[in-house]
Amino acid sequence: MIDQIVPQRDEEEMPAKRRRWFNPLRLIAWLFGSVAIVSVAAVVAVAIYLAAVIRELPSSELMRDYQPPITTRIHAGDGSLIAEFARERRLFVPLDVIPQQVIDAFIAAEDKNFFEHPGVDYQGVIRAALANIDNIRNGRRLEGASTITQQVARNFLLTSEVSFERKLKEALIALRLEQTFSKEYILELYLNEIYLGWRSYGVAAAALNYFDKSLEDLALAETAYLAALPKAPNNYHPIRKRSDAIARRNWVLDRMEANGFISPATAAAAKREDLVTFDRPVGVHVVEAEYFTEEVRRQLYKMYDEQGLYDGGLSVRTTLDTEMQRWARDALRFGLTLYDRRHGWRGPYATISITDQTWLGEIKKIEKPSDLVEWEIAVVLETSNEAARIGFQDGKVGQIPFAEMKWARPWARGERVGAAPRNPGTVVGRGDVVFVESLFKDTDSGIVSFGSPRYALRQIPAVNGAIIAIDPHTGRILAMVGGFSYFGSEFNRATQAMRQPGSAFKPIVYSAALDHGYTPISIILDGPLVVDQGPGLPLWKPKNYSGEIGGETLLRTGIEKSRNLMTARLAMDMGLDSVVEYAARLGVADNLEPRPAMALGAGETTLMRMVGAYSVLVNGGKKVVPTFIDRIQDRYGKTIYRHDQRTCAACQVEEWANQDEPLLPDMRPQILDPRTAYQLVSFLEGAVQRGTGVRLKTLGKPLAGKTGTTNDSRDAWFLGFTPDLLVGAYVGFDQPHSLGDRETGSRVALPIVKNFFEKALEDVPGIPFRVPAGIILVRINAITGELAQPGDPRVILEAFKLGNEPSSERRQQRIVFGADGRPVLVSAPNTSLSTGTGGLY
């Protein structure tokens, strides 16, 4: 009974339990509980993920003292910009000097709510998300919603990786930046960091590179174009994608109008303007100064390493005189071309296969050195008996008259030339690529041909050389050219070429002689000399260049006429160690070997060292260090290097109040007796008046100088100077061999210096050389060395050290050398041992 009753009760209760178990309210509660658990887990997971991301975020404090890479700028002595060195072309400009128009343009184009949002523009994110739904459906480019702050975060602290995590980091850093820095500081960083194409980082660099203007000089349309570039500079290239660039610029103008920054009329006027950009050069901005600026770059690299040079934002004031630099370049090319034309035509620059239809395409493929701005590349189309018809890379045609080709005799081995050309066809042929220069005046016929398509035939010289102009009192390098073409060869022959100076070394020997008791009227035997150089070495038998001997000759005449035998005897008498010591003291060479030939310039040195040594003679015996750099300032304008280390407390005044002029201390070491230095200057002035430098005499200015020619005429030198300017030039083949018969320093190098002086001294009054204390000038017979007498045909003012001047009561000591190089003293009346300077008749 009981078994029957119990099951019966369970059957009655089961439907009620089922009803309670499937209660909808309980199901809803269970679902909500599950969602809550999942949500909490998701929040925890997100929190853990965010915590991990935040831990990996770079510190925004890195930007507090941020120093962006800034272009190092090189300026000439007059302040003009001559070169820039940078990996990123950037000029940092504080926000308070950036024009408001520039700020408005970038705010309108990039982030109109910049001054309202906390770093992330949430409205902008929603707007971009909705717009991107339509963009995806229509296959258009997706819009971004990055604020200026987010762009700063990405550019400074993150990479450009496209990922959700990078975007999240960008937003988090942006929020942190807004809490750490002011809006103004963030905007300043942005405007100086943003990449705008053409290697331009920041708005100031972009203004210069695109328009060659400073920010304050930009027109509204130009400003709008720059503000159009941050998204994708290459998509709005001003030349390759000109229409897109103008459209994007006009869009920026519309945004500026919509945001109330400009009026509709102003926007419409700016849209009508053309987009005209300027192709600003990279690196060197003065085409004549490549060798100079490269030397400055090398020195900066040694001083501040690579990062300091290319990222440091240095402002370097150099010693360069831009006008003198142009004169130096022109003078060197003039001299090298003059020599080269004497030695004939070596053939065309290249030869190409052409037809009447294909020549233009073929000639466009030929590239010429970009620093040969006066020359053009042309291809010979045909020749006649009167001229060669030529075509140019821009499609124009012209002709080379035969008169401008007559110099082009064929070059022959040994720097000789063949027969004169009979007609243009014996010089060039169809398809020959040649250099030409427009004819403004035909110097042979005197025919002026302005605007006429007539050209002169040119060729790049095989010979090369260098020229330096220096202030001998300070060592400032005013001009330097290290070769015919920097783009043809970057090797700097002014500073890097080790060459024998030849007779240009002789003033070093004579300065030692004057300090060792010799005088301008000492008598030296100009006769045969044989020197035993030691075991295993041949006898040394020097000769004069002319092959002649002069017998007993005044010491002055020995340097004026550049007599090798006299110089060798002087060196042997004093001892070669003395000459080596003077060469080191004056900076010509540090470790010359004491060999007899060294006295005649057989040791190697550079043109830079030689102009430094000659500067000591000009400035009264003071040591100067040739320098290219006057001053260096860091990115903040603080002077961190100054060549002139003199201090001047009296100079630190705001205005002049009738006080005396401040006197600056002379810190230059005295390394040569100023009286000896002046005597050498007088000797070299005599060399210009009546010696090997006489070609310079026609300038009619007080000038002095010395030629130099090595054995077989492998190197040709000339160093010439006024009281305040020294110019040195050297010519030779890079692979040394003879320049040719009778190609001496007087014929090859001197014309270069003369050409420079013709321009540099044109409007400069002639100033005589300064005579130091302790010198007395005496009238001397230039042939005998005796005191001048009435009726003497050649009389000069000779300079003697006070107390050593000759008098009628004193007798001269004649120093004569035998064939073995040893001195023999012979007395003769009317003169005495002394030293001299003068060089004027």
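Coordinates for the structure precede this section.
Student: When you look at the overall build of the protein chain in this model, what are you seeing that I'm missing?
Tutor: Counting secondary structure elements, the protein chain contains 22 helices and 26 strands. Looking at the protein chain as a whole, 49% of its 841 residues qualify as buried. Summarising the internal contacts of the protein chain: among those between residues at least 6 apart in sequence, 69% fall at separations of at least 24. Surface summary for the protein chain: the accessible area is close to 40,200 Å², and the carbon and sulfur share equals 54%.

Student: What is the right way to look at the sheet that holds strand β15 (residues 477-481) in this model?
Tutor: Hydrogen bonds between backbone groups are what pair the strands of a sheet, and the pairing can be parallel or antiparallel. With antiparallel pairing, the 5 strands of this open sheet are ordered in space as β15-β14-β22-β21-β20. Of all the strands in the sheet, just β15 and β20 (704-709) have a single pairing partner and so form its edges. Mean inter-strand twist for the sheet, computed between neighbouring axes without regard to direction, equals 5°. Of the strand pairs in this sheet, β20 and strand β21 (residues 715-721) are connected by 6 bridges, and their pairing is antiparallel. Counterpart to A704 in the pairing with β21 is F721. Here helix α13 (residues 322-342) sits on the sheet and contacts β14 (464-470), β15 and β22 (726-732); the angle it forms with β15, its principal contact strand, is near 35°. Against the sheet, helix α19 (residues 607-618) contacts β14, β15, β20, β21 and β22, and its axis sits at roughly 150° relative to β22.

Student: I would appreciate a short explanation of the side chain of N564 in the present structure.
Tutor: Here N564 shows up in helix α17 (residues 564-574). Contacts of N564, omitting those with residues within four sequence positions, involve S503, K506, K543, N544, Y545 and L600.

Student: What is the right way to read the packing of aromatic side chains from this model?
Tutor: The geometry of two aromatic rings is summed up by the distance between their centres and the angle between their planes. Summed over the entire model, instances satisfying the criterion amount to 21 aromatic pairs. Pairing F211 with Y225 gives two aromatic rings, centres 6.3 Å apart and planes at 85°, and the pair type is edge-to-face. Remark: Y225 occurs in helix α9 (residues 220-227) and F211 occurs in helix α8 (residues 203-211); sequence separation between them is 14 residues. Like Y225, F211 is buried.

Student: Before we go on, may I ask you to explain the packing of α19 against helix α20 (residues 674-690) in this structure?
Tutor: Remark: α19 packs on α20, axes separated minimally by 7 Å, with the N-to-C direction vectors making an angle of 105°. When the interaxial angle is binned, α19 and α20 end up roughly perpendicular. Between α19 and α20, the contacting residues are Y614, V616, L617 and V618 on the first element and A677, L680, V681 and L684 on the second. Partitioning the contact of α19 with α20 into residue classes produces 8 nonpolar, no polar and no charged.

Student: I tried to follow the pairing of β14 on my own but got confused; where do I start?
Tutor: Every regular strand shows the same layout, with side chains that alternate between the two sheet faces. Among the 7 residues of β14, 7 are classified as buried, and the element is accordingly described as predominantly covered. Burial along β14 is two-sided: the residues N464, A466, I468 and I470 and G465, I467 and A469 are all buried. Inspection of the sheet shows β14 paired to β22 by 7 bridges, in the antiparallel sense. Note on β22: the bridge partner recorded for A469 is V727. Sheet topology note: the β14/β15 ladder contains 4 bridges and is antiparallel. Bridging from a neighbouring strand, I467 pairs with V481 of β15. The turn linking β14 back onto β15 is made up of 6 residues, and G475 within it adopts a positive phi angle of 85°.

Student: Looking at this structure, I do not really get a nonpolar patch on the surface. What am I missing?
Tutor: On the surface, L25, I28 and F32 cluster together into a nonpolar patch covering about 350 Å² of accessible area. Looking at the secondary structure, you find L25 in helix α2 (residues 24-56).

Student: What exactly am I supposed to notice about helix α12 (residues 290-311) here?
Tutor: Residues spaced three or four apart along an α-helix face the same direction, because each turn holds 3.6 residues. Given a rise of 1.5 Å per residue, 22 residues ought to cover 32 Å, yet the end C-alpha atoms of α12 are separated by just 21 Å, more than 12% below that figure. Where α12 bends most, the angle comes to about 115°, and this point is D305. A positive phi of about 65° marks G313, the residue just after α12.

Student: How should I be thinking about unusual backbone geometry in this particular structure?
Tutor: With the exception of glycine, the majority of residues adopt a negative phi angle, and the majority of peptide bonds are in the trans configuration. At E415, a position not held by glycine, the phi torsion is positive, near 55°. In this fold, E415 is placed in the loop between β10 (411-412) and β11 (416-417). In the Ramachandran plot, R742 falls in the positive-phi region, its phi being about 60° despite a non-glycine side chain. Mapping R742 onto the fold places it in the loop between β22 and α21 (745-748).

Student: Can you walk me through the sheet that holds strand β2 (residues 81-85) in this structure?
Tutor: Taken together, the 5 strands give an open sheet; going across it, the order is β2-β1-β5-β18-β19, and neighbouring strands pair in mixed fashion. Strand pairing shows two members of the sheet lacking a second neighbour, β2 and β19 (639-642), which therefore form its edges. On average, each strand axis in the sheet is tilted by 15° relative to the strand beside it, whichever way the strands run. In this structure, strand β5 (residues 315-318) lies alongside strand β18 (residues 629-633), joined through 4 bridges in antiparallel fashion. Bridge pairing in β18 links T318 to I629.

Basis of the calculations
Residues numbered from 1 in each chain as written. Predicted model: local features only at pLDDT ≥ 70, side-chain atom pairs only at ≥ 80, totals over all residues. Heavy atoms only, no water. Helix = DSSP H or I, 4+ residues; strand = E, 2+ residues; numbered from the N terminus. Buried < 20%, exposed > 50% of the residue type's maximum accessible area, 1.4 Å probe, protein only. Contact = heavy atoms within 4.5 Å. Areas by Shrake-Rupley, 256 points an atom, 1.4 Å probe, with all protein chains shown as cover. Pairing = 2+ DSSP bridges. Axes fitted to C-alpha atoms, helices over the stretch in contact; angles between N-to-C directions. Phe/Tyr/Trp six-rings, centres within 6.5 Å; stacked < 30°, edge-to-face > 60°. Parallel < 35°, antiparallel > 145°, perpendicular 65-115°, else oblique. Nonpolar A, V, L, I, M, F, W, Y, C, P; charged D, E, K, R; others polar. Patch = residues over 30% accessible without salt bridge, like charges linked within 9 Å, V, L, I, M, F, W, Y side chains within 5 Å. Salt bridge = Lys/Arg side-chain N within 4 Å of Asp/Glu carboxyl O. Expected span 1.5 Å × (residues − 1). Bend = angle between axes of the 7 residues up to and from the residue.

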